[in-house]
Amino acid sequence: MKVIAHRGASGEYPENTLLAFSEAIKQLADGIELDIQYHYSNNFVLLHDNDLQKTTNGKGSVNDYSLVDLQQLDAGLGEFIPTLHQALELINGDCFVNIEVKTAVIDKASLLKIITLLQRDIAHAINFHDFSWHQFIVSSFNHQLLAELKTLFPKLATATLVALCPLNYAQCAQQLKAISLNPSIEIVNQQLVDDAHQRGLNVWVYTVDIKEDIKKCLSYGVDGVFTNYPKQTKHYIEQLQTR
Ligand code: G3P
Ligand code: MG
């Protein structure tokens, strides 16, 4: 079962920051999950919420600030809000990266803009850093975005995020040509996992920190877990597997 650092090693360090990512690498996470928001400077900035007050000393939303001013804010322990470009430069192929696109837009023009920028940043990471294509997976709760992404950028692997159990279980992920269904721990059960596996999909579950949930995921045959505590989760997995 893969261990993916959720927003980096965010249980111990400020989420979606370079510090949280370098610590996740030190803790030997298999992958890092990060959240991106579109900024009008044509960059992605790493923030889970559009509301800056949630994780920084700023007020208002992401696009109220210029990129320079946004990067002056404190994202915790003196860390700044990185761009996707800066995060990929730091991670540099040391583990795979799950880029979660946070957006509610569904109009074609906006989706096209987001996808083009994503393509630019990923291509740059592959061409100028130590990444290869198979180290990237793009996920979203915005299934319209995933559909458009697969049309415009078929080479890139995607994962379908679901917070509630879909009517036809993993069918939505298959329809979107994703490689993985990524459900919340709240909804994961044997039926959902089996259905995904029968469709040739992986199942990566968020957010899995406690032993009881790790045990549940192992028993269902889940393929990966997003965790805020990569080192501890790896330790629990080893403990449970050697029993
Ligand atoms: O990608 C898994 C997980 O991060 C999705 O939910 O709200 O933590 O971004 P959230
Ligand atoms: Mg996320």
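Undergrad: Any details on empty space enclosed by the protein? Residues and values, ideally.
TA: Inspection of the entire model under this criterion finds one cavity of 30 Å³ or more. By volume, the largest cavity is sized at about 50 Å³. Forming the walls of the largest cavity are Glu-15, Asn-16, Thr-17, Leu-46, Leu-47, His-48, Thr-55 and Ala-75. Residues belonging to the lining of the largest cavity are distributed by class as follows: three nonpolar, four polar and one charged.

Undergrad: I'd like a description of the coordination of the magnesium ion (ligand 2), backed by residues and values.
TA: Surrounding the magnesium ion (ligand 2) are the protein donor atoms Glu-33 (OE), Asp-35 (OD) and Glu-100 (OE), at 2.0 to 2.2 Å. Of note, the donors binding the magnesium ion (ligand 2) are all from one chain and are spaced E-x1-D-x64-E. Placement of the pair is Asp-35 in strand β2 (residues 31-39) and Glu-100 in strand β4 (residues 96-101), with a sequence separation of 65 residues. Of the two residues, Asp-35 and Glu-100, both sit in the buried class.

Undergrad: Describe in detail the packing of aromatic side chains, supporting the description with residues and values.
TA: Under the definition given, this model contains five aromatic pairs. Seen from their ring centres, Trp-204 and Phe-226 are 6.1 Å apart, and the 70 degrees between their planes marks the pair as edge-to-face. Taken together, the positions of Trp-204 in strand β8 (residues 202-205) and Phe-226 in strand β9 (residues 224-227) put the pair 22 residues apart, joining distant regions of the chain. A relative accessible area of 6% places Trp-204 in the buried class. Ring pairs connect the aromatic residues Phe-96, Trp-204 and Phe-226, which therefore count as one cluster.

Undergrad: Go over the layout of surface pockets, please, and point to the residues and values.
TA: Put simply, the largest pocket is a space of about 210 Å³. Within the residue set of the lining of the largest pocket, elements represented by two or more residues are β2 and α4 (108-128). Taken together, the residues that form the lining of the largest pocket break down as seven nonpolar, six polar and two charged.

Undergrad: Go over the site of ligand 1, please, and point to the residues and values.
TA: Around ligand 1, the surrounding shell consists of His-6, Arg-7, Glu-33, Asp-35, His-48, Glu-100, Lys-102, Phe-141, Leu-161 and Tyr-206. Taking Glu-33, its side chain carries an N or O atom lying 2.6 Å from an oxygen atom of ligand 1. Here Lys-102 contributes a side-chain N or O atom positioned 2.7 Å from an oxygen atom of ligand 1. Across the complex, the protein chains shield 91% of the 290 Å² of accessible surface that ligand 1 would expose by itself.

Undergrad: A description of the packing of helix α3 (residues 84-91) against α4 should follow, citing residues and the corresponding values.
TA: At their nearest, the axes of α3 and α4 sit 10 Å apart, and the two run at 20 degrees to each other. Compared by their axis directions, α3 and α4 come out roughly parallel. Remark: the crossing between α3 and α4 carries right-handed chirality. Residue-level inspection shows Leu-84, His-85 and Leu-88 of α3 in contact with α4, the latter providing Leu-118, Asp-121, His-124 and Ala-125. The residue inventory of the contact of α3 with α4, partitioned by class, reads four nonpolar, two polar and one charged.

Undergrad: Lay out the state of the cysteines with the relevant residues and their values.
TA: Here, disulfide denotes a covalent bond that connects the sulfur atoms of two cysteines. Scanning the model with the defined rule gives zero disulfides in all. Cys-165 carries a free sulfur, and the closest cysteine sulfur to it, the one in Cys-172, is 8.9 Å from it. By relative accessible area, Cys-165 is classed as partly exposed at 37%. Take Cys-217: it sits in no disulfide, and the sulfur closest to it among the cysteines is that of Cys-165, at 15 Å. Judged by relative accessible area, which is 0%, Cys-217 ranks as buried.

Undergrad: Which residues make up the packing of α4 against helix α5 (residues 143-152), and what values do they have?
TA: For the pair α4 and α5, interaxial distance at closest approach is 10 Å and the crossing angle is 60 degrees. It follows from the interaxial angle that α4 and α5 lie oblique. Crossing geometry of α4 relative to α5 is assigned as right-handed. Contacts between α4 and α5 involve Lys-108, Leu-111, Leu-112, Ile-114, Ile-115, Leu-118 and Gln-119 on the former and, on the latter, Gln-144, Leu-145, Glu-148, Leu-149 and Leu-152. Taken together, the residues of the contact of α4 with α5 break down into eight nonpolar, two polar and two charged.

Undergrad: How would you summarise the pattern of salt bridges if you had to cite specific residues and measurements?
TA: Scanning the entire structure with this criterion turns up eight salt bridges. In this structure, the salt-bridge partner of Arg-7 is Glu-15, at a minimum N-O distance of 2.9 Å. Classification of Glu-15 by relative accessible area gives partly exposed; the value is 21%. With a closest N to O distance of 3.7 Å, Asp-35 and Arg-7 form a salt bridge. Of the two residues, Asp-35 is situated in strand β2 and Arg-7 in the loop between β1 (2-6) and α1 (18-26); the sequence distance between them amounts to 28 residues.

About the cut-offs
- Residues numbered from 1 in each chain as written.
- Chains lettered and ligands numbered in written order.
- Predicted model: local features only at pLDDT ≥ 70, side-chain atom pairs only at ≥ 80, totals over all residues.
- Heavy atoms only, no water.
- 1 Å grid on protein atoms, 1.4 Å probe; cavity = no way out; pocket = protein on both sides within 12 Å on 5 of 7 lines; lining within 4 Å.
- Points joined across faces, edges and corners; volume = space filled by probe spheres on them.
- Nonpolar A, V, L, I, M, F, W, Y, C, P; charged D, E, K, R; others polar.
- Donors = N, O, S within 2.8 Å, 3.2 Å for Na, K, Ca; no water.
- Helix = DSSP H or I, 4+ residues; strand = E, 2+ residues; numbered from the N terminus.
- Buried < 20%, exposed > 50% of the residue type's maximum accessible area, 1.4 Å probe, protein only.
- Phe/Tyr/Trp six-rings, centres within 6.5 Å; stacked < 30°, edge-to-face > 60°.
- Near = heavy atom within 4 Å.
- Polar contact = N/O pair within 3.5 Å; in protein donor to acceptor, adjacent residues only side chain to side chain.
- Areas by Shrake-Rupley, 256 points an atom, 1.4 Å probe, with all protein chains shown as cover.
- Axes fitted to C-alpha atoms, helices over the stretch in contact; angles between N-to-C directions.
- Parallel < 35°, antiparallel > 145°, perpendicular 65-115°, else oblique.
- Left-handed = near helix turned anticlockwise from the far one by under 90°.
- Contact = heavy atoms within 4.5 Å.
- Disulfide = S-S within 2.5 Å.
- Salt bridge = Lys/Arg side-chain N within 4 Å of Asp/Glu carboxyl O.

Without other data, these values stay purely geometric and don't point to any function.
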